[in-house]
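# Structure assessment
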Amino acid sequence: MAVTIEELYRNYGILADAKDNLSQHKDAYQAILDGVKGGPKEKRLAAQFIPKFFSSFPELADAAINAQLDLCEDEDVSIRRQAIKELPRFATSENIFRVADILTQLLQTDDTAEFNQVNAALISIFKMDAKGTLGGLFSQILQGEDIVRERAIKFLSTKLKTLTEDVLTKEVEEYVFAETKKVMEDVTGEEFVLLMRVVSGLRVLQSVNGRQQLVELVVEQADLEQALNPADPDAVDRLLQCTRQALPLFSKNVHSTRFVTYFCENVLPNLSTLTSPVAELDIQLEVLKLLAEMSPFCGDMEKLEANLNTLFTKLVEFMPLPPEEVENGENSASEEPKLQFSYVECLLFSFHQLGRKLPDFLVDKVDAERLKDFKIRLQYFARGLQVYIRQLRVALQGKTGDALKTEENKIKVVALKITNNINVLIKDLFHNPPSYKSTVTLSWKPVQKPEAAAPKRPSGEEMGSGGSTKKQITPLPRRDARQIYNPPSGKYSATIGNFNYEQRGGFRGGRGRGFGVRGNRSRGRIY
């Protein structure tokens, strides 16, 4: 026969009055456990009474946890919420893993209030035993159902950073990193990005050695030992996402050499045949921007001359020869070449950065005929550049504040940054011998102010013409910061692409493909 409300209150009274003699009233506690078999009112009371006396009856611990778990799965959402709210009270040292495991499974609920209750309960037990709680979470990430895995990873990516140092100790952070590496053996694109967010924020990995470990983790996921298949959008997607995750980690002490080498050897030769993972994405420009951002942090390169030659060849492709002239000195009727400023900025910057490592490349490593051809192209590009710079300066002259925030003027400001950057780099290459001393800030990056320099107000003509290449770890660029300036001859482009390639939420095919086939899981999925 089911326990009644009156019986629950009576047994509660017996236990409340027993004080030091609680263990003698095992039958009373058993009767409260039986309350989970009653109606809604009895279940709600049981959900509150069971945890209150839980610690006094260790021999009934399993029965008590199972009873509370039954209430967490009840059809009545109010009963579930009450039971979930009380779950942290079961999280004693020997039960913390189990409670964390249960709460992690409960993240799959679609009820918002219930989901928030589970989150609050998990945070609560984190403060009791962070490592034990993480054990339950990672257990479900590695072995749980898809929806549980997904939400557990999202929980870690959003909540872990809110915990204080006394909770997230060095030992706990090292445990997080070790378990995350296990999970990364088989992940989707979205999971990879979220997990990188988790480990990148760990205090224990903020040292040079720690960041190097993170780069190694990304290198493994990027699979840089394998040649790139440019026709496979998943392979291209993987490389882009991995490179994006690695970028904030690079510095003068943590080098980008392996990524830069891979781009020179596998990506640039296939640039025109790359298959974009996103329809709106200019895949060639995206790749060139990534290469440009990485190039300042490239260390000693094994095949520097060969890779510089590849980069030089690609740069020449984007720098057209001047149109042929007829006998009277006028241009022929053929269409004037299109100057692709955005692409040239990236390629020229990358060449300029790597050229510093082999400054005699253009003098001794390029034959005279090829060098002459390059200088003709540089001169033609420089002349066209000066025209655009003058037009842009005139268009922006006297404009400040809100006037510069219109869509048209924002495009012109970006265009002026691009053209000024190219102008500075071309001047360096015109030196005899070529110089690699100038520094510019890539047009889509925020300008860094020199720390020791005296303050100086930039003029309208100097916009985007200088800066520092000092590395700062910054979030991914804003959508409006990634604009393409590629005007047709003599005009400004009215359609400036500003698609921002960030994380797309997983690769095609889900975790079945992930970042590469890494074996089947043991939980019955097909991967």
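Throughout what follows, the structure given in this document is the object of discussion. (Residues numbered from 1 in each chain as written. Predicted model: local features only at pLDDT ≥ 70, side-chain atom pairs only at ≥ 80, totals over all residues. Heavy atoms only, no water.)

A few words now on unusual backbone geometry. Look at the link from asparagine 432 to proline 433: it is a cis peptide, with omega at 0 degrees. Even without a glycine there, the phi angle at aspartate 223 is positive, about 55 degrees. Structurally, the position occupied by aspartate 223 is in the loop between helix H12 (208–222) and helix H13 (233–246). Here aspartate 223 falls in the partly exposed class, since its relative accessible area comes to 26%. (Helix = DSSP H or I, 4+ residues; strand = E, 2+ residues; numbered from the N terminus. Buried < 20%, exposed > 50% of the residue type's maximum accessible area, 1.4 Å probe, protein only.)

In summary, soluble globular proteins display a tendency toward joint burial of nonpolar side chains. Grouped together as the largest cluster of nonpolar side chains are 159 residues, with contacts concentrated most on Tyr29, Ile50, Leu103, Leu160, Phe351 and Leu362. Counting residues per element, this core draws most heavily on helix H19 (residues 368–396), which supplies 11 residues. When near neighbours in sequence (up to four residues on either side) are disregarded, leucine 362 contacts Phe312, Phe351, Leu371, Phe374, Leu429, Pro434 and Tyr436. (Core = buried A, V, L, I, M, F, W, Y, C linked by side-chain atoms within 4.5 Å. Contact = heavy atoms within 4.5 Å.)

Glancing now at H13. For H13, built from 14 residues, the straight-helix expectation of 20 Å at 1.5 Å per residue is met to within 8% by its first-to-last C-alpha distance of 20 Å. Burial within H13 is extensive, with 14 of its 14 residues counted as buried. Capping the start of H13, aspartate 232 holds a side-chain oxygen 3.0 Å from the backbone nitrogen of aspartate 234, two or three residues further along. (Expected span 1.5 Å × (residues − 1). Polar contact = N/O pair within 3.5 Å; in protein donor to acceptor, adjacent residues only side chain to side chain.)

Its 14 residues place the ends of helix H1 (residues 5–18) 20 Å apart at the C-alpha level, agreeing with the 20 Å of an ideal helix rising 1.5 Å per residue. When we look at burial in H1, the residues that qualify are Ile5, Leu8, Asn11, Leu15 and Ala18. Buried residues of H1, viewed axially, fall in a sector of 155 degrees; they line one side. Exposed residues lying more than 90 degrees from the buried face of H1 are Glu6, Arg10 and Asp17. In this structure, the buried residues of H1 make contact with helix H2 (26–33) and helix H3 (40–52). Taken from the residues just after H1, lysine 19 is the one with a positive phi, measuring 50 degrees. (Arc of directions from axis to C-beta.)

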